[in-house]
Amino acid sequence: MLQLALTVSIYLLIVIPAGVYLYHIAAGKHTFADPVFDRVDGAIYKISGVDPGKGMNWKQYALALLGTNAVMVFIGYLILRVQSAGLFNPNNIENMEPTLAFNTIISFMTNTNLQHYSGESGLSYLSQMLVIIFMMFVSAASGYAACVAFIRGLAGRTKNDVGNFFADLVRITTRILLPFSIVGGLLLVWQGVPQNFEGNVVVETLEGTFQVIAMGPIAALEIIKHLGTNGGGFLGANSSTPLENPTMLSNLIELYSMMLLPGACVITFGKMVHARRQEAADGMQRAGGLRARGGLSAAIYGREGRSIFAAMGILFVIGLSVCFWAESQGNPALADIGLDQAMGSMEGKEVRFGIAQSAMFTTVTTSFTTGTVNNMHDTLTPLGGMIPLLHMMLNVVFGGKGVGLMNMILYAILAVFICGLMIGRTPEYLGKKIEGREMKLTALCIIIHPLLILAFSALAVGTAAGREGITNPGFHGLSQVLYEYASSAANNGSGFEGLADNTCFWNITAGLAMFFGRYLSIVIQLAIAGSLMKKNFVNESAGTLRTDTVSFSVILVFVVYIFAALTFFQRWHWAPLQSIWLCGAKSGLKNQKSCLSQQELTFTASQILGIQQVFLRFWPCNCSILAGNTAFLLFSNNP
């Protein structure tokens with residue numbers, strides 16, 4: 001527990017300068033690196049014909065993002081289909097199959113990095129560099145650019161200008177991702193991560209057998225996969241293998257790399273809205289009105305950023321604590337046969353990391369929507385495995401590439417709307433009135449995520465093509481399906497890895513979940529920002545609901561958990577929670593696969609609909625989510 005506290009404490013220290021630096025870049029302020037990067041950016045603008053000073057409204061910004069990503073998807077798909085060409089292909093990797101190429105290019109362009117292939121045997125070095133590593137930079141920069149535009153809209157400096165997408169894409173790539181990746185990549189090489197273009201090496205082991213050791217530009221991919229919250233590994237075993245993550249120090253480098261920029265986005269948000277509100281408060285103070293509110297934490301995070309960061313931090317600490325506790329209890333099934341469980345449930349975990357760093361990595365990778373793993377999530381205890389599944393379903397616990405911040409702000413809008421209804425006052429957020437258009441868009445954006453997860457999961461368990469990929473019986477098999485589509489819709493990319501998912505069905509459906517989960521949300525969020533930025537600011541009064549307090553952070557946490565319960569509790573009942581209940585009071589500590597064979601997932605339609613009515617009685621919810629839940633339960637019945 002001490003090392004977890006130290007890991008989090010160090011993160012809280014290093015995220016502050018990163019947030020200040022990102023704020024200066026997003027706001028166009030001077031930085032120490034401008035003399036160098038201004039020339040680099042200027043050359044790129046000149047070659048590409050971009051006018052960085054030409055602003056865009058939210059529609060133009062969204063179209064520029066979608067169009068740029070579409071062109072890169074087309075080019076990347078072609079490279080994957082012809083990768084057997086001899087260039088940078090010392091291992092003679094064949095061309096990628098069409099549906100797998102579709103899934104792969106969508107996965108990496110949407111910053112999901114879900115892999116239905118094994119990197120060392122499925123991609124040439126050319127594909128690793130021109131498709132995978134390149135997409136990791138561009139997809140991360142696209143997400144952060146969308147987040148910056150979203151923040152500009154909320155800050156409301158202008159009425160119709162959220163920035164220039166191409167300028168944001170270039171600045172984020174050249175001033176953040178590239179320099180940070182160079183430094184981080186060199187640190188990983190120092191720790192023993194390979195970086196070369198040699199073919200795989202065959203060595204003779206001490207036992208007299210032969211083993212193939214993968215080579216290639218591993219360090220270059222490894223650092224950007226974490227820094228850009230991407231997640232796809234050069235090797236199939238991802239960051240659990242010593243070639244990608246050899247030491248405890250490399251593990252910390254990778255941890256902080258994927259935590260750094262999502263947290264920095266929250267600080268950027270706080271600082272970008274802080275100046276305007278501080279000016280308004282100062283004006284009212286001079287006029288004898290409300291006093292300006294400040295303090296050290298407000299100066300660091302911005303008052304609004306502080307409340308958002310606190311809410312995310314509470315959700316993260318709760319998830320980390322539960323996951324660590326569940327995994328540290330060990331496996332009672334092994335204890336019953338006399339095996340010591342003092343080390344905890346070590347199945348699927350690396351001894352060099354242990355329970356603490358495995359639980360930390362698991363919680364971080366699914367909270368910050370990275371998807372990289374240093375242990376096998378398929379072997380987590382039911383309660384421990386529920387945490388990564390929950391955090392991907394929430395998709396607001398910091399999140400990756402700015403998505404977590406944008407999603408949490410939607411919940412903040414929802415929270416002020418609910419609180420406004422309770423006190424009979426028109427809801428306001430960041431000095432703007434929240435009205436019908438904003439609430440409709442917010443509700444639509446929140447609904448999309450669970451609808452994708454539930455609808456595709458229902459399709460998977462309701463069709464023969466989908467069930468063929470389920471390798472585990474009963475409730476754990478259902479957990480695998482839910483995890484696959486939660487990971488896809490959240491653009492996370494991790495998996496329980498028990499699915500036989502390299503089939504036409506899984507490649508296409510997971511690809512569609514990734515595509516809609518990424519772009520529908522971004523477009524709607526930009527539309528919300530575009531709507532709010534056109535509104536006039538309203539004066540803050542004594543009756544205004546303050547959204548920069550600890551109490552609002554707590555309200556926000558409760559709103560997130562309540563809506564998660566309304567939407568997903570039935571799924572948890574049929575998947576990880578049922579795994580616990582079936583095995584008795586201590587089953588939450590058992591390995592899922594040792595418990596799940598006790599009962600298969602077989603229910604009649606009448607039983608399912610009866611259970612649905614019970615949930616409706618106590619948890620009335622949105623009709624579209626109800627429809628998705630009902631369809632899921634009906635299709636989940638094994639024929």
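Procedures and definitions
Residues numbered from 1 in each chain as written. Predicted model: local features only at pLDDT ≥ 70, side-chain atom pairs only at ≥ 80, totals over all residues. Heavy atoms only, no water. Helix = DSSP H or I, 4+ residues; strand = E, 2+ residues; numbered from the N terminus. Contact = heavy atoms within 4.5 Å. Areas by Shrake-Rupley, 256 points an atom, 1.4 Å probe, with all protein chains shown as cover. Patch = residues over 30% accessible without salt bridge, like charges linked within 9 Å, V, L, I, M, F, W, Y side chains within 5 Å. Salt bridge = Lys/Arg side-chain N within 4 Å of Asp/Glu carboxyl O. Buried < 20%, exposed > 50% of the residue type's maximum accessible area, 1.4 Å probe, protein only. Pairing = 2+ DSSP bridges. Expected span 1.5 Å × (residues − 1). Bend = angle between axes of the 7 residues up to and from the residue. 1 Å grid on protein atoms, 1.4 Å probe; cavity = no way out; pocket = protein on both sides within 12 Å on 5 of 7 lines; lining within 4 Å. Points joined across faces, edges and corners; volume = space filled by probe spheres on them. Nonpolar A, V, L, I, M, F, W, Y, C, P; charged D, E, K, R; others polar. pLDDT = per-residue confidence, 0-100. Core = buried A, V, L, I, M, F, W, Y, C linked by side-chain atoms within 4.5 Å. Axes fitted to C-alpha atoms, helices over the stretch in contact; angles between N-to-C directions. Parallel < 35°, antiparallel > 145°, perpendicular 65-115°, else oblique. Left-handed = near helix turned anticlockwise from the far one by under 90°. Polar contact = N/O pair within 3.5 Å; in protein donor to acceptor, adjacent residues only side chain to side chain. Phe/Tyr/Trp six-rings, centres within 6.5 Å; stacked < 30°, edge-to-face > 60°. Lys NZ or Arg CZ within 6 Å of the ring centre and 35° of its normal.

Asks: Explain the overall build of the protein to me, please; I cannot follow it from the model alone.
Replies: A count of helical and extended segments in the protein gives 24 helices and four strands. Long-range contacts, defined as pairs at least 24 residues apart, comprise 79% of the intrachain contacts of the protein with a sequence gap of at least 6. Approximately 24000 Å² of the protein is accessible, and the part contributed by carbon and sulfur atoms is 67%.

Asks: For this particular structure, what's the right way to read a nonpolar patch on the surface?
Replies: On the surface, Ile-314, Ile-318, Val-550, Val-554, Phe-558 and Ile-562 cluster together into a nonpolar patch covering about 530 Å² of accessible area. Looking at the secondary structure, you find Ile-318 in helix α11 (residues 303–328). For Ile-318, a relative accessible area of 37% corresponds to the partly exposed category.

Asks: What's the story with the pairing of strand β1 (residues 201–204) in this structure? I'm lost.
Replies: In the case of a regular strand, side chains alternate between the two sheet surfaces. As paired elements, β1 and strand β2 (residues 210–213) share four bridges and run antiparallel to each other. Along β2, the bridge assignment pairs Val-201 with Ile-213.

Asks: Explain helix α16 (residues 436–462) to me, please; I cannot follow it from the model alone.
Replies: Relative to the 39 Å expected for 27 residues at 1.5 Å per residue, α16 spans 37 Å between its end C-alpha atoms, a close match to the ideal helical length. Approximately 25° is the largest bend angle found in α16, and it occurs at Ile-448, with the proline Pro-450 only one to four residues beyond.

Asks: What exactly am I supposed to notice about empty space enclosed by the protein here?
Replies: To find leftover empty space, a probe the size of one water molecule is rolled over the atoms. Enumeration over the complete set of coordinates arrives at five cavities of 30 Å³ or more. Here the largest cavity defines a volume of roughly 70 Å³. Around the largest cavity sit Leu-114, Gln-115, His-116, Gln-480, Tyr-483, Glu-484, Gly-495, Phe-496, Glu-497, Gly-498, Leu-499 and Asp-501, which together line it. In terms of residue class, the lining of the largest cavity is built from four nonpolar, five polar and three charged.

Asks: Help me out: how do you make sense of the confidence of the model for the protein in this one?
Replies: Do not read the fine detail of predicted coordinates wherever pLDDT is low. Averaged over every residue, the pLDDT of the protein is 84; the share at 70 or more is 86%. Within the protein, the element-level pLDDT minimum falls on helix α22 (residues 592–595), averaging 41, and the maximum on helix α3 (residues 58–81), averaging 96.

Asks: Any chance you could explain the nonpolar core here in plain terms?
Replies: Looking at soluble globular proteins, one finds that nonpolar side chains tend to be buried together. Counting 167 residues, the largest nonpolar core has Leu-177, Phe-269, Ile-308, Leu-405, Met-408 and Tyr-429 as the members making the most contacts within it. The element that contributes the greatest number of residues to this core is helix α6 (residues 125–155), accounting for 20 residues. If we ignore the near neighbours within four places in the chain, the residues touching Leu-177 are Phe-137, Ala-140, Ala-141, Ile-172, Ile-224, Leu-227 and Leu-261.

Asks: Would you mind going over the packing of helix α15 (residues 403–423) against helix α19 (residues 504–533) with me for this structure?
Replies: The relative placement of two packed helices is expressed as an angle between their axes plus a distance between the axes. Two numbers describe how α15 lies on α19: the axes approach to 11 Å, and their chain directions differ by 55°. By the angle class used here, α15 and α19 are oblique. For α15 against α19, the interelement crossing comes out left-handed. Here α15 contributes Met-406, Asn-407, Leu-410 and Ile-413 to the contact with α19, which in turn contributes Gln-525, Ile-528 and Leu-532. Here the contact of α15 with α19 is built from residues that sort into five nonpolar, two polar and no charged.

Asks: Mind showing me how you'd approach the side chain of Thr-381 here?
Replies: As for its position among the elements, Thr-381 is in the loop between α13 (354–367) and α14 (382–394). Among the polar contacts listed, one links the side chain of Thr-381 to the backbone nitrogen of Gly-384, at a separation of 3.0 Å.

Asks: What is the right way to look at the packing of aromatic side chains in this model?
Replies: Two aromatic rings are characterised by how far apart their centres lie and by the angle between their planes. Under the definition given, this model contains 18 aromatic pairs. Seen from their ring centres, Tyr-21 and Phe-32 are 6.1 Å apart, and the 35° between their planes marks the pair as tilted. Linking Tyr-21 in helix α1 (residues 2–26) with Phe-32 in the loop between α1 and α2 (34–48), this pair joins segments that are 11 residues apart in sequence. Judged by centre distance (5.4 Å) and plane angle (80°), the ring pair of Phe-515 and Phe-516 falls under edge-to-face. Put simply, the rings of Tyr-11, Tyr-301, Phe-309, Phe-316, Phe-368 and Phe-398 pair up and form one aromatic cluster. Above the face of the Phe-537 ring, Lys-432 is positioned so that its terminal group lies 4.5 Å from the ring centre.

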